[in-house]
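Next come the chains, spelled out residue by residue.
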2 protein chains.
Amino acid sequence: MGNTESNQNVKSYLQNSGIRPTKIRLSIAGLLFDGTDKHVTVDNVIEMARLSKIKTSVASVYNTLNQFAAAGLLRRVTVEQGKAFFDTNLSEHHHFFYEDEDRLEDIPMGAIQVEGLPDLPAGRSIKAIEVTVRI
Amino acid sequence: MGNTESNQNVKSYLQNSGIRPTKIRLSIAGLLFDGTDKHVTVDNVIEMARLSKIKTSVASVYNTLNQFAAAGLLRRVTVEQGKAFFDTNLSEHHHFFYEDEDRLEDIPMGAIQVEGLPDLPAGRSIKAIEVTVRI
DNA sequence: CAATAAATTAGAATAATTCTTAAATACATC
DNA sequence: GATGTATTTAAGAATTATTCTAATTTATTG
């Protein structure tokens, strides 16, 4: 997509989620929400920013990714202790985790079905179901 | 179970897994392998040891839990970044994760069925399937 | 029991993340 | 558009979970 148009799209996308479209947030959103599904770590984003000549800080990348996740624009996926992934694919889907490469890959939505959920403890509801297939 | 008998059981249990039954390992194994299923963190074990007057160190608890996990006596479960759980239940089963309490609970074995796994990438095999139901 | 190998410990080192605070930026109002 | 107030950003300090290091202690073998 064209640059001006894309910037406008990203701006509306943030605003519609109640996030003020500041310069840094727009820059990072521009890196992440380009139409392709991604699984990024904080380090990935810092490196992507560096390559795109976006001047920012480690703290701001953490802040921004956490805000996006809290607003539902990113999904946090935890498969290994001490390493958070952020997934731009918001549809219901699950993951392959390549153990030797520390890398996530989407399992196409609908491919996996979880059957036979038992009753939940009283007063609880399902927040999410996460299936990780370690390969 | 009686104490002497139990110590003997734990000793054999470690030996059968190729782990030398040293004093610390026997003590920690005694805390964990008492016949009830547990999900412990390193901090939990340190506290359990303190209450049982077992003199040890943080490093040794890490070493011991990692060794037990490597030997297949414990299963490491990761649901939140920066917090490792060790599960004494080795049978095939999945977990409820109480988000507000940072606590795991077993979903009875066989209750959950994962259907529709897609083909794996070439040269890969399934190491584990982990289902976490966040409640 | 001596020699050798392995385990244990305390504290240092590392890694991921959060916190703090001063400076910069965004927004609403005039 | 200038101005005042609230929010954001950035750099580094602080925190947390974990691993590493090296010296001491414990276990095993001959």
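Just so it is clear, the model here is predicted, and its values are computed rather than measured.

Topic: the sheet that holds strand β2 (residues 75–80) of chain A
Residue and element names in this part refer to chain A. Reading across from one edge, β1-β3-β2 is the order of the three strands in this open sheet, with antiparallel pairing throughout. Looking at the sheet topology across the chains shown, the edges are occupied by β1 (39–40) and β2. Pairing geometry for β2 and strand β3 (residues 83–87), over five bridges, is antiparallel. Bridge pairing links Arg75 to Asp87 in β3.

Let's talk about the protein's contact with DNA strand C
Taken together, 26 residues sit near DNA strand C, with A:Ala84, B:Thr22, B:Ile24, B:Ser57 and B:Ser60 positioned nearest. Breaking the surface near DNA strand C down by element, the ones donating at least two residues are α4 (58–70) and β3 of chain A together with α2 (23–32) and α4 (58–70) of chain B. In terms of residue class, the surface near DNA strand C is made up of eight nonpolar, 11 polar and seven charged.

Some words on the interface of chain B and chain A
With 31 residues of chain B in contact, the opposing surface of chain A contributes 31 residues. Elements that contribute at least two residues to the side of chain B that touches chain A include exactly β2 (75–80), β3 (83–87), β6 (113–115) and β7 (128–134) of chain B. A total of seven residues in the side of chain B that touches chain A trace back to one element, the largest contributor, which is β7(B). Residue composition of the side of chain B that touches chain A, by class: 16 nonpolar, seven polar and eight charged.

Reading the values: the criteria
- Residues numbered from 1 in each chain as written.
- Chains lettered and ligands numbered in written order.
- Predicted model: local features only at pLDDT ≥ 70, side-chain atom pairs only at ≥ 80, totals over all residues.
- Pairing = 2+ DSSP bridges.
- Helix = DSSP H or I, 4+ residues; strand = E, 2+ residues; numbered from the N terminus.
- Near = placed C-beta within 6 Å.
- Nonpolar A, V, L, I, M, F, W, Y, C, P; charged D, E, K, R; others polar.
- Contact = placed C-beta atoms within 7 Å.

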